[in-house]
Amino acid sequence: MSDQSVGLVVGTVDSTPLLFSVALAPGQYLQLDDVVVTGRTVPGFGAVLTSGVVTQVVARHEGATYGSDVFLIADGVLPAQVQEIAEITTTRVEPECYVPPTPGSPARRATGEERAQALYFDKMDRKVPVGLGRDGEPIYLNLEFLDGTRGGHVSISGISGVATKTSFALFLLYSIFRSGVLGKRSVNAKALVFSVKGEDLLFLDHRNTKLDADLVAHYARLGLPAEPFSSVGFFAPPTPDDPSGRPFVAGRTSGVSSFWWTLAEFCSEELLAFVFADAEDERNQYTMVIHQVAARLRREATPVGDGAVMVDGRRLATYSDLVEFVSDRLSDEDSRRDWAGPVTGVGTINAFLRRLRSSLKPLRTLVRGDLASTAGRRVSTEGQQVTVVDLHNLPERAQRFVVGVVLASETARKEQAGAAGLLFTMIDELNKYAPREGSSPIKEVLLDIAERGRSLGIILIGAQQTASEVERRIVSNSSIKVVGRLDPAEAGRPEYGFLPPSQRQRATLAKPGTMFVAQPEIPVPLAVEFPFPAWATRASESAGDAPSRNGSVSQDPFARLPAAPEDDDAPF
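Bear in mind the structure is a predicted one, so any value in this text is a computation, not a measurement.

## Here we look at helix α9 (residues 346-358)
Then step 1. Taking 1.5 Å of rise per residue, 13 residues should cover 18 Å, and α9 covers 18 Å from first to last C-alpha, within 8% of that figure.
Then step 2. By the burial criterion, the buried members of α9 are Thr 348, Ile 349, Ala 351, Phe 352, Leu 353, Arg 355 and Leu 356.
Then step 3. Residues of α9 that are buried in the fold lie against α6 (287-300), α7 (319-331), α8 (333-340), α10 (360-363) and α11 (396-417).

## Re the packing of aromatic side chains
Then step 1. This structure, assessed with the given rule, holds 15 aromatic pairs.
Then step 2. Among the aromatic side chains, those forming a connected cluster through ring pairs are Phe 168, Phe 171, Tyr 174, Tyr 219, Phe 229, Phe 530 and Trp 535.
Then step 3. When the ring centre of Tyr 120 is taken as reference, the NZ or CZ atom of Arg 92 above it lies at 4.7 Å.
Then step 4. Over the aromatic face of Phe 276 sits the side chain of Arg 397, whose NZ or CZ is 5.9 Å from the ring centroid.

## Remarks on the sheet that holds strand β15 (residues 308-311)
Then step 1. With antiparallel pairing, the three strands of this open sheet are ordered in space as β14-β15-β16. Among the strands making up the open sheet, the edge pair consists of β14 (302-304) and β16 (314-316). When the angles between neighbouring strand axes are averaged without regard to direction, this sheet yields 35°.
Then step 2. As paired strands, β14 and β15 are joined by three bridges and run antiparallel to one another. Note on β15: the bridge partner recorded for Pro 303 is Val 309.

## Focus on the sheet that holds strand β1 (residues 5-9)
Then step 1. As summarised here, the arrangement of the six strands in space is β1-β2-β5-β4-β3-β6, forming a closed barrel in which the pairing is antiparallel. The sheet shows a mean angle of 40° between the axes of neighbouring strands, taken without regard to direction.
Then step 2. Pairing analysis gives five bridges linking strand β2 (residues 19-24) to strand β5 (residues 81-94), with the strands arranged antiparallel. Bridge pairing in β5 places Ser 21 opposite Glu 87.

## As for the nonpolar core
Most often, soluble globular proteins keep nonpolar side chains buried together rather than apart.
Then step 1. Formed by 71 residues in total, the largest nonpolar core has its most connected members in Leu 272, Leu 330, Phe 352, Phe 401, Val 402 and Leu 446.
Then step 2. Taken domain by domain, this core gets at least three of its residues from each of domain 2 (129-249 + 379-545) and domain 3 (261-368).
Then step 3. Setting aside chain neighbours within four positions, we find Leu 446 in contact with Leu 407, Ile 427, Leu 430, Tyr 433, Ala 434, Leu 460 and Ile 474.
Then step 4. Core analysis: the second largest hydrophobic core is formed by 70 residues, Tyr 174, Leu 215, Val 249 and Val 524 among them.

## Observations regarding the domain arrangement of the chain
Then step 1. What the domain assignment lists for the chain is domain 1 (5-119), domain 2 (129-249 + 379-545) and domain 3 (261-368).
Then step 2. Taken residue by residue, the interface counts eleven residues in domain 1 and 13 residues in domain 2.
Then step 3. For the pair domain 1 and domain 2, the two sides together bury roughly 1100 Å², of which 55% comes from carbon and sulfur.
Then step 4. Ranking the residues of domain 1 by area buried against domain 2 places Asp 33, Arg 115 and Leu 119 at the top, with a combined share of 46%.
Then step 5. Across the domain 1-domain 2 interface, the total number found is two salt bridges.
Then step 6. Residue Asp 135 pairs with Arg 115 through a salt bridge whose shortest N-O separation is 2.7 Å.
Then step 7. Linking domain 1 with domain 2 are six residue pairs in polar contact (both at pLDDT 80 or more), by the criterion used here.
Then step 8. Contributing elements (two or more residues each) for the side of domain 1 that touches domain 2: β4 (46-62) and β5.
Then step 9. Considering only residue class, the side of domain 1 that touches domain 2 consists of three nonpolar, six polar and two charged.

Here is what the cut-offs are and how they apply
- Residues numbered from 1 in each chain as written.
- Predicted model: local features only at pLDDT ≥ 70, side-chain atom pairs only at ≥ 80, totals over all residues.
- Heavy atoms only, no water.
- Helix = DSSP H or I, 4+ residues; strand = E, 2+ residues; numbered from the N terminus.
- Expected span 1.5 Å × (residues − 1).
- Buried < 20%, exposed > 50% of the residue type's maximum accessible area, 1.4 Å probe, protein only.
- Contact = heavy atoms within 4.5 Å.
- Phe/Tyr/Trp six-rings, centres within 6.5 Å; stacked < 30°, edge-to-face > 60°.
- Lys NZ or Arg CZ within 6 Å of the ring centre and 35° of its normal.
- Pairing = 2+ DSSP bridges.
- Axes fitted to C-alpha atoms, helices over the stretch in contact; angles between N-to-C directions.
- Core = buried A, V, L, I, M, F, W, Y, C linked by side-chain atoms within 4.5 Å.
- Domains from an automatic or database assignment.
- Buried area = accessible area lost by both parts, 1.4 Å probe.
- Salt bridge = Lys/Arg side-chain N within 4 Å of Asp/Glu carboxyl O.
- Polar contact = N/O pair within 3.5 Å; in protein donor to acceptor, adjacent residues only side chain to side chain.
- Nonpolar A, V, L, I, M, F, W, Y, C, P; charged D, E, K, R; others polar.

So this is what it looks like as structure tokens:
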């Protein structure tokens with residue numbers, strides 16, 4: 001056995017081209033996720049290297065029969081030997097001659113070029129670093145499975161608050177944008193992030209006060225600078241009952257734009273369907289009333305003033321006015337036929353009206369005709385690389401409305417612009433918007449993105465606690481699957497069949513920052529540890545040095561004024 005070997009291929013356990021075991025030599029060890037390579041000579045092919053990842057390690061006393069023998073062995077009464085055996089799952093055979101490793105062949109820990117070959121990194125023309133492996137070396141994703149070239153979309157699953165799904169998704173975006181892997185395409189690459197958990201994502205452009213030398217070194221190992229996001233735009237809903245429409249946020253007082261839709265836009269773009277965005281709505285007969293009323297509003301509404309509309313001689317300036325107007329038209333026997341259709345029953349209309357009236361409180365701050373229209377009022381990814389839409393202060397129904405309308409708008413914009421630029425769309429709690437059962441306007445938009453989005457340059461990054469509750473077609477269309485800490489019951493679901501049994505068990509124990517990443521080229525998911533965010537994740541972590549959208553640090557607007565003399569008293 002050579003000096004570089006860690007052991008020999010076992011002969012007492014069947015060795016196959018896809019799975020083999022290695023007995024470790026004294027003083028050597030292998031841990032889970034280590035990369036191992038062994039070779040043999042095959043007539044007609046020459047040297048064949050079989051590489052794999054350690055998926056299980058067992059230790060036992062050879063020579064012992066009963067469990068109590070361990071005490072006799074420890075006292076030196078019973079002769080026995082401790083033996084560790086590592087199970088190796090094959091990742092690559094080069095050249096492709098699928099023969100089993102022969103018992104007694106030396107096995108060694110793969111490093112350098114052998115490690116890159118074992119994990120197909122040598123075949124990746126464009127590599128995205130996603131973290132460090134158990135050996136402290138970088139782990140990469142193939143950009144071709146992220147940008148739509150050979151696949152697209154990312155599915156991230158794990159327990160809320162422990163699996164760090166959002167943190168990993170943001171780091172993945174940061175790595176894509178800052179690693180240089182996009183080349184010239186980085187100019188037109190955008191990210192749209194929906195934030196539903198507090199104001200944590202409103203400080204992506206602030207340096208984290210916890211950034212230290214070790215963290216900088218961690219980023220350096222991955223070839224990344226340890227910096228905050230340099231080009232970020234923030235949007236938040238307007239404060240309820242505030243006539244100025246200032247953004248409804250508390251932690252950040254500047255750099256956040258309010259967003260809302262005017263009544264004129266609501267009518268002309270037929271946004272009424274997104275008011276009824278719950279999955280159960282599609283199973284009810286009043287969906288035909290929705291489309292009938294939306295079409296009528298599009299035809300009849302005439303814009304007046306700051307987003308208000310005139311319909312049938314009646315001026316509507318608030319969402320309350322609109323709801324009341326539609327209720328009046330559907331309650332009146334003379335106008336009901338024109339607004340709901342000639343064969344629609346009263347029960348169906350009443351069901352529609354109940355749902356419409358219940359939307360009044362959630363949506364009255366988002367659909368307005370009483371606010372002066374301002375530049376940048378509508379959510380758009382045009383002016384910055386990363387766009388954060390803060391939804392945490394909105395009721396769940398309003399969150400659905402915003403997600404549905406914004407996604408539909410951005411999808412339409414991308415269809416017109418073409419697939420030259422990339423749009424990464426990050427959605428947390430995906431199971432709320434695309435549940436396994438039922439149908440809704442939002443779910444249809446997400447399904448369209450999952451099945452057709454990569455041809456348009458739209459890549460979905462979905463995070464959820466339970467992949468088993470998300471629409472199957474969305475999960476199955478995700479080329480990259482990522483798993484953090486899992487609930488034991490959830491880990492047994494068939495949606496996690498890509499994880500080997502040992503990794504399923506480990507996923508129930510994974511600590512924050514550890515993720516299992518599966519990609520099409522590598523048969524075994526790889527365990528990675530991604531670094532702590534270099535950007536602030538809350539107001540208390542902010543160093544207060546947010547860069548401007550062109551990447552430079554914001555300057556104090558009063559810095560160029562002359563300093564006041566020390567003895568100059570205040571004039572009051």
